[in-house]
Amino acid sequence: MTAAVPTVSDAEAAVILARCDELARHSSLTDGIERTYLSAEHAAVNYRVAGWMTAAGLTTWQDAAGNQCARLSGSTRGLPALMLGSHLDTVRAAGRYDGILGVLVAIAVAGRIAASGRPLPFALEIAAFGDEEGTRFGTTLLGSRAVAGTWLESWWDLRDAGGVSLREAFLAFGLDPAKVGDAARAPQELLGYLEAHIEQGPVLEEEGRALGVVTGIAGARRFLLTVTGSAGHSGTPWPRRRDALAGAAEGITTIERIARAEGLTATVGHLRVFPDAVNVIPGKVEFSLDLRAPDDADRDRGWTLIESALTDICGTRGLDLASTQVHEAAAVACSPRLRAAIATGIRSTEPTTAPADAARPDEGGSDSGPEAPADDAPRELPSIAGHDAMAIAAITDVGMLFVRCAGGISHHPDESVTAADVALAVDALEAAVRALAADYPAL
Ligand code: GLV
Ligand code: MN
Ligand code: MN
């Protein structure tokens, strides 16, 4: 048997995975990954990523909202740009690929184009957004909404768990809150936005496919719900108890029942109990609700049902209910022309004549599962997870390339991708960009 000969993509994939490992070390947790907006870790990864962007041949800058950006000029200066991007922040106890992989794949693609001697007829930009997850301030997509020009003045008073306001965090990061508008990009500056991202679901793996074309992104609403009863001694007799936690628990299982029945996705991931003592009836409970659906009307109808059910539960138990919406993002459809370009990109990575399991002979066998048949159209699938593309859709067309992740696991330290799939993602995204270039200026 002959030794495997690594291809350029395999070497690039190895670099990308090593970079993901390196960025994972920039964490505020010692026993896991957490990197939040405008933190010291955010500044450190911006610096590191800027170095990789520069080494790839791009001009770099950090924008007025702390996003790390880069640009590769097209065949002449001043051309509009196709933007590639994703995010560098993480959830608490995160994996190392959500968002990060998309930024690093984009840098690899830009590096290839810079080195190819075949400049594009448009500029290529990369945006490594500083906040997509909303981990620190509770409101998501802060980085990409600054770029989209949809920043809200009301956000300045958002506070993190330590009481630091967004305004104070801007100043501490060396940013001027009065200049956040400078991060906004005008629609005429952009030709579109492409984002590569791990699927965060099981579809591609179940079907034995490495890559997929995203059709659209589910709309989301997030709420903070507060149930108030009355605290008291744990020996208080049943008729006198107003237990906020028992009410919240019934409410949470009711949310699950409604969401299942209505075909919605609902998650309660945060809960605080006051005063949080074993021998005191909980007097107050605060919990979050993250509600999603591919169709905003379905999602909104679901919230109406949930709110009414929670009101009934609290009424029956003598509890008070308060709800505040902390986030809303409309569902977004990916643009047909960008979907077509991504499909072309994926097709370019598939074998044309060889049997599927001989597609990548250099691997000496496949560590990425069986591939789809060669004549199969690329898989199209929706995203339930939120993405920066949702925010950027306010100013330009968006398209997304999904990369298979093991077990569909995400927002968890076990997030995992294979080098072979990452190599295919670089090839496919480059081919998608080249397909758009071939059509330009009829974009
Ligand atoms: C981000 O990953 C989200 O879907 O909430
Ligand atoms: Mn995420
Ligand atoms: Mn993400």
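Cut-offs used in this document
Residues numbered from 1 in each chain as written. Chains lettered and ligands numbered in written order. Predicted model: local features only at pLDDT ≥ 70, side-chain atom pairs only at ≥ 80, totals over all residues. Heavy atoms only, no water. Helix = DSSP H or I, 4+ residues; strand = E, 2+ residues; numbered from the N terminus. Rg over C-alpha atoms; globule rule 2.2 N^0.38 Å. Buried < 20%, exposed > 50% of the residue type's maximum accessible area, 1.4 Å probe, protein only. Contact = heavy atoms within 4.5 Å. Areas by Shrake-Rupley, 256 points an atom, 1.4 Å probe, with all protein chains shown as cover. Lys, Arg positive; Asp, Glu negative; His and termini not counted. Charge placed at Lys NZ, Arg CZ, Asp CG, Glu CD. Donors = N, O, S within 2.8 Å, 3.2 Å for Na, K, Ca; no water. Domains from an automatic or database assignment. Buried area = accessible area lost by both parts, 1.4 Å probe. Salt bridge = Lys/Arg side-chain N within 4 Å of Asp/Glu carboxyl O. Polar contact = N/O pair within 3.5 Å; in protein donor to acceptor, adjacent residues only side chain to side chain. UniProt positions renumbered as here; feature names shortened; annotations may be inferred. Near = heavy atom within 4 Å. Nonpolar A, V, L, I, M, F, W, Y, C, P; charged D, E, K, R; others polar. Expected span 1.5 Å × (residues − 1).

Student: Any chance you could break down the overall build of the protein chain for me, citing the residues and the numbers?
Tutor: Regarding its fold elements, the protein chain presents 11 helices and 16 strands. Taken against the 2.2 N^0.38 rule, which gives 22 Å for 443 residues, the C-alpha radius of gyration of the protein chain at 23 Å falls within 12% of a compact globule. Viewed in the frame of its principal axes, the protein chain has a C-alpha envelope of about 80 × 50 × 40 Å. Among the 443 residues that make up the protein chain, the fraction classed as buried is 53%. A fraction of 78% describes how many contacts in the protein chain between residues 6 or more apart in sequence connect residues 24 or more apart. About 18,700 Å² of surface is accessible on the protein chain, with carbon and sulfur atoms providing 53% of the total. Averaged over its 37 positive side-chain charges, the protein chain has a centre that lies 4 Å from the centre of its 58 negative ones.

Student: Tell me what's going on with the coordination of the manganese ion (ligand 2), and back it up with residues and numbers.
Tutor: Those protein atoms acting as donors to the manganese ion (ligand 2) are D98 (OD), E133 (OE), E133 (OE) and H411 (NE2), and they sit at 2.0 to 2.7 Å. Each donor residue of the manganese ion (ligand 2) belongs to the same chain, with the gaps between them written as D-x34-E-x277-H. On the accessibility criterion, D98 (6% relative accessible area) is buried. By relative accessible area, which is 10% here, E133 ends up buried.

Student: Describe the domain arrangement of the protein chain, listing the residues and the values that go with them.
Tutor: Along its sequence, the protein chain is carved into domain 1 (8-217 + 331-439) and domain 2 (219-329). Each of domain 1 and domain 2 was reduced to a C-alpha centroid, and the two centroids are 34 Å apart. Roughly 800 Å² of surface becomes buried between domain 1 and domain 2 when both sides are summed, with 52% attributable to carbon and sulfur atoms. Contact with domain 2 buries area across many residues of domain 1, yet T140, A331 and I384 alone supply 56% of it, more than any other trio. On inspection of domain 1 and its partner domain 2, the count reaches 0 salt bridges. The tally of links between domain 1 and domain 2 comes to 4 residue pairs in polar contact (both at pLDDT 80 or more).

Student: I'd love a proper account of the UniProt feature "domain: Peptidase M20 dimerisation" (unreviewed entry) in the protein chain, names of residues and values included.
Tutor: Per the UniProt annotation, the sites labelled "domain: Peptidase M20 dimerisation" (unreviewed entry) are residues 216-313. Summarising residues 216-313: 38% helix, 34% strand, and an end-to-end C-alpha distance of 35 Å.

Student: Residue-level account of the site of ligand 1, with values.
Tutor: As a matter of local geometry, ligand 1 sits amid E132, E133, R222, R292, A385, G386 and H411. For ligand 1, an oxygen atom lies 2.7 Å from a polar atom in the backbone of G386. Contact between ligand 1 and H411: an oxygen atom at 3.1 Å from a side-chain N or O atom of the residue. Isolated, ligand 1 exposes 190 Å² of accessible area, and the fraction of that covered by the protein chains is 93%. Partitioned by chemical class, the residues of the shell around ligand 1 number 1 nonpolar, 2 polar and 4 charged.

Student: Can you tell me about the coordination of the manganese ion (ligand 3), naming the residues and giving the values?
Tutor: On the protein side, the manganese ion (ligand 3) has H87 (NE2), D98 (OD) and H197 (NE2) as donor atoms, found 2.0 to 2.2 Å from it. Mapped onto the sequence, the residues coordinating the manganese ion (ligand 3) show the spacing H-x10-D-x98-H. Metal-to-metal, the separation of the manganese ion (ligand 3) and the manganese ion (ligand 2) is 3.5 Å; D98 coordinates the two. One end of the pair, H87, is in strand β3 (residues 81-87); the other, D98, is in the loop between β3 and α3 (100-116), with 11 residues separating them in the sequence. In this structure, H87 and D98 share a single accessibility class: buried.

Student: Can you lay out helix α8 (residues 296-317) for me, pointing to particular residues and giving the numbers?
Tutor: Along its 22 residues, α8 runs 31 Å from first to last C-alpha, staying within 8% of the 32 Å computed at 1.5 Å per residue. In this structure, the buried residues of α8 make contact with β7 (219-228), α7 (244-262), β12 (284-293) and β13 (320-329). With its phi angle positive at about 70 degrees, G318 sits one or two positions after the end of α8.

Student: Account for the pattern of salt bridges, naming residues and giving values.
Tutor: Counted by the stated rule, this structure contains 25 salt bridges. Its salt-bridge partner being R71, residue E125 comes within 2.6 Å of it at the nearest N-O pair. Of this pair, E125 sits in strand β4 (residues 123-129) while R71 sits in strand β2 (residues 68-72), and the two are 54 residues apart along the sequence. Residue classification places E125 among the buried residues on the basis of a relative accessible area of 2%. In this structure, D300 engages R221 in a salt bridge whose closest nitrogen and oxygen atoms are separated by 3.0 Å.

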